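Geometric and topological summary
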Amino acid sequence: MTSLKIKDCTVNDIENVVKLVSLLWADTQNDTPAELQSLYNQYVISYYFIPKSDFNLVALENGKICACLLAAKLQDIKNNLADEWIAGQSLPPEVHDHISEFKAGLDSMCEAECQYAKKNEAVLLFFGSVRKGAGKMLMAEFERRCVGQNISSMILWTDERCDFDYYRNKGFDEVAQFPSPVAIDGRRFKTWIFRKNF
């Protein structure tokens, strides 16, 4: 019998979280060149990993990461880790252009999310699982930590490429729906902002 363990996600876990993301997003990245897929995944996790946050969590099954939740207090969500990481990469100009477009898309969604956020709210930045039950455990721990810090709600954005109905089915309220403010690879994705009160 395997057991799940939850622990804080640290910068040392990023490489394995990126592997998790590669599994989760394999079907949604069919149109993305293979050499860009791993760069996008690394960039996204670096973008959403806020080192000083108390809300970065992973679930382990037999010592292997099977789920991840990255979140932060609203006032803490600005981060340069992704930009520092990408600056250290030797990229051809066309790849740099793709990453710049991708960053603009992420920035625009974070800005939209912040417009709807309440002052004392946690922002769920990344959430994914490949193991049934692991996500539920991470979400429960995240909520417990929020309540312990007198945070009474969380907000998140998601789009049509993700399992957005998950949030509806788990008691989240839809706050807004709109096309993504910035196109990525020429597409604007249907986007939702959700909130959950604790």
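Everything below is about the structure printed above this text.
The sections below set out a description of the structure shown in this document. Only a predicted model underlies this, so the values are computations on that prediction, with no experimental measurement involved.

1. A short note on the pattern of salt bridges
The tally for this structure, following the rule as stated, stands at 14 salt bridges. A salt bridge links Asp-13 to Lys-7, with the nearest nitrogen and oxygen atoms 2.7 Å apart. Classification of Lys-7 by relative accessible area gives partly exposed; the value is 25%. A salt bridge links Glu-141 to Arg-144; the nearest nitrogen and oxygen atoms lie 2.6 Å apart. Of the two residues, Glu-141 and Arg-144 both sit in helix H5 (residues 134-148), three residues apart, roughly one turn of that helix. Looking at Glu-141, the relative accessible area reads 15%, which means it is buried.

2. Let's talk about the packing of helix H2 (residues 34-48) against helix H4 (residues 93-116)
In contact at an axis separation of 11 Å, H2 and H4 are set at 35° when each is read in the N-to-C sense. The two elements H2 and H4 meet at a crossing, and its hand is right-handed. On H4, the residues that touch Leu-36, Leu-39, Tyr-40, Tyr-43, Val-44, Tyr-47 and Tyr-48 of H2 are Val-95, His-98, Ile-99, Phe-102, Lys-103, Leu-106, Asp-107 and Cys-110. Tallied by class, the residues present in the contact of H2 with H4 amount to twelve nonpolar, one polar and two charged.

Cut-offs applied
Residues numbered from 1 in each chain as written. Predicted model: local features only at pLDDT ≥ 70, side-chain atom pairs only at ≥ 80, totals over all residues. Heavy atoms only, no water. Salt bridge = Lys/Arg side-chain N within 4 Å of Asp/Glu carboxyl O. Buried < 20%, exposed > 50% of the residue type's maximum accessible area, 1.4 Å probe, protein only. Helix = DSSP H or I, 4+ residues; strand = E, 2+ residues; numbered from the N terminus. Axes fitted to C-alpha atoms, helices over the stretch in contact; angles between N-to-C directions. Left-handed = near helix turned anticlockwise from the far one by under 90°. Contact = heavy atoms within 4.5 Å. Nonpolar A, V, L, I, M, F, W, Y, C, P; charged D, E, K, R; others polar.

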